Amino acid sequence: MNAKQLQYAPDSFAKQFATLSPFSGKVVSLSDIDDPFYKNGLMGPGAAISSNSNTVISPFAGKVINISPLDYAIDIQSSAGLKCKIKYGGDTTHLLGAQFVSSLKRGEQIKPKQVLFTVNAAWLKQRGVSNTCALTILNAQALIGVLRTHQKFVEAGEDTLLTLYL
């Protein structure tokens, strides 16, 4: 498990930052998903959501750092400098980006709740790809820690998925 992943809010901190859920569904631990990089905390602390939703939205305002259709993933940076990776499904490289649609480009500004990309969840499930969307913090070294929501289900753009403590 990632050392920055908290079970409870820290006793003292200078600032906290709420990150909205990019996806609607059931909240699951990163340790419960198929991808070994996420499962072992190599992509940073975070959380995952299991759902049949097709739309992934921005959890905050910022800009696009990278879009990787082969991995069904996007890296974004908040205006405060927070870097996140949002990835749909487990191993998707063999699908060559099929059923992944994003009109965004690297460097483009994004607003909270803006659509980042869409996927065809039913098509992916037929090909054995889990309907799980992970959000991880790529530059967590500057944080005290990251606390995953205690809610069992979250609504995209409405509920907080992660609270970050500085």
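About the criteria used
Residues numbered from 1 in each chain as written. Predicted model: local features only at pLDDT ≥ 70, side-chain atom pairs only at ≥ 80, totals over all residues. Heavy atoms only, no water. Helix = DSSP H or I, 4+ residues; strand = E, 2+ residues; numbered from the N terminus. Rg over C-alpha atoms; globule rule 2.2 N^0.38 Å. Areas by Shrake-Rupley, 256 points an atom, 1.4 Å probe, with all protein chains shown as cover. Lys, Arg positive; Asp, Glu negative; His and termini not counted. Charge placed at Lys NZ, Arg CZ, Asp CG, Glu CD. Core = buried A, V, L, I, M, F, W, Y, C linked by side-chain atoms within 4.5 Å. Buried < 20%, exposed > 50% of the residue type's maximum accessible area, 1.4 Å probe, protein only. Pairing = 2+ DSSP bridges. Phe/Tyr/Trp six-rings, centres within 6.5 Å; stacked < 30°, edge-to-face > 60°.

Engineer: Please clarify how the overall build of the chain should be interpreted in this entry.
Structural biologist: Along the chain, the regular secondary structure elements total two helices and 15 strands. Taken over the C-alpha trace, the chain has a radius of gyration of 15 Å; the compact-globule value for 166 residues is 15 Å, and the two agree within 12%. Expressed as lengths along the three principal axes of its C-alpha atoms, the size of the chain is roughly 45 × 30 × 25 Å. Carbon together with sulfur atoms contributes 52% to the accessible area of the chain, which is approximately 8200 Å² in total. Positive and negative side-chain charges of the chain, numbering 16 and 11 respectively, have mean locations separated by a distance of 4 Å.

Engineer: Before we go on, may I ask you to explain the nonpolar core in this structure?
Structural biologist: Generally speaking, nonpolar side chains in soluble globular proteins are found buried as a group. Counting residues in each nonpolar core, the largest one holds 35 residues, and the members touching the most others are Tyr88, Leu116 and Ile137. Going through the elements one at a time, strand 4 (46–50), strand 7 (73–78), strand 8 (83–88), strand 11 (115–119), helix 2 (121–126), strand 12 (132–137) and strand 15 (160–165) are the ones with two or more residues in this core. Core analysis: the second largest hydrophobic core is formed by seven residues, Val28, Leu30, Ile33 and Tyr38 among them.

Engineer: Where do I start with the sheet that holds strand 1 (residues 5–6) in this structure?
Structural biologist: The strands making up a sheet associate through backbone hydrogen bonding, with each pair oriented either parallel or antiparallel. Reading across from one edge, 1-13-15-2 is the order of the four strands in this open sheet, with mixed pairing throughout. Edge positions in the open sheet fall to strand 1 and strand 2 (16–20), since each of these has one partner strand only. Here two bridges tie strand 1 to strand 13 (residues 145–148), and the two strands are oriented parallel to one another. Across the sheet, the residue bridging to leucine 6 is leucine 147, located in strand 13.

Engineer: I keep staring at the packing of aromatic side chains and nothing clicks. Help me out?
Structural biologist: How two aromatic rings sit relative to each other is given by the distance of their centres and the angle of their planes. Taken as a whole, this structure holds five aromatic pairs when the rule is applied. Ring centres of phenylalanine 23 and tyrosine 88 lie 5.6 Å apart, and the angle between their planes is 80°; this geometry places the pair in the edge-to-face category. Within this pair, whereas phenylalanine 23 is found in the loop between strand 2 and strand 3 (25–28), its partner tyrosine 88 is found in strand 8, the two being separated by 65 residues in sequence. Per residue, the accessibility class of phenylalanine 23 equals that of tyrosine 88, and both read buried. Both rings, one in tyrosine 72 and one in phenylalanine 100, keep their centres 5.3 Å apart while their planes meet at 80°; by these two values the pair is edge-to-face. One end of the pair, tyrosine 72, is in the loop between strand 6 (62–68) and strand 7; the other, phenylalanine 100, is in strand 9 (residues 100–101), with 28 residues separating them in the sequence. Phenylalanine 100 carries the same exposure label as tyrosine 72, and that label is buried. Put simply, the rings of Tyr72, Phe100 and Phe117 pair up and form one aromatic cluster.

As far as function goes, none of this settles anything; it's purely spatial.
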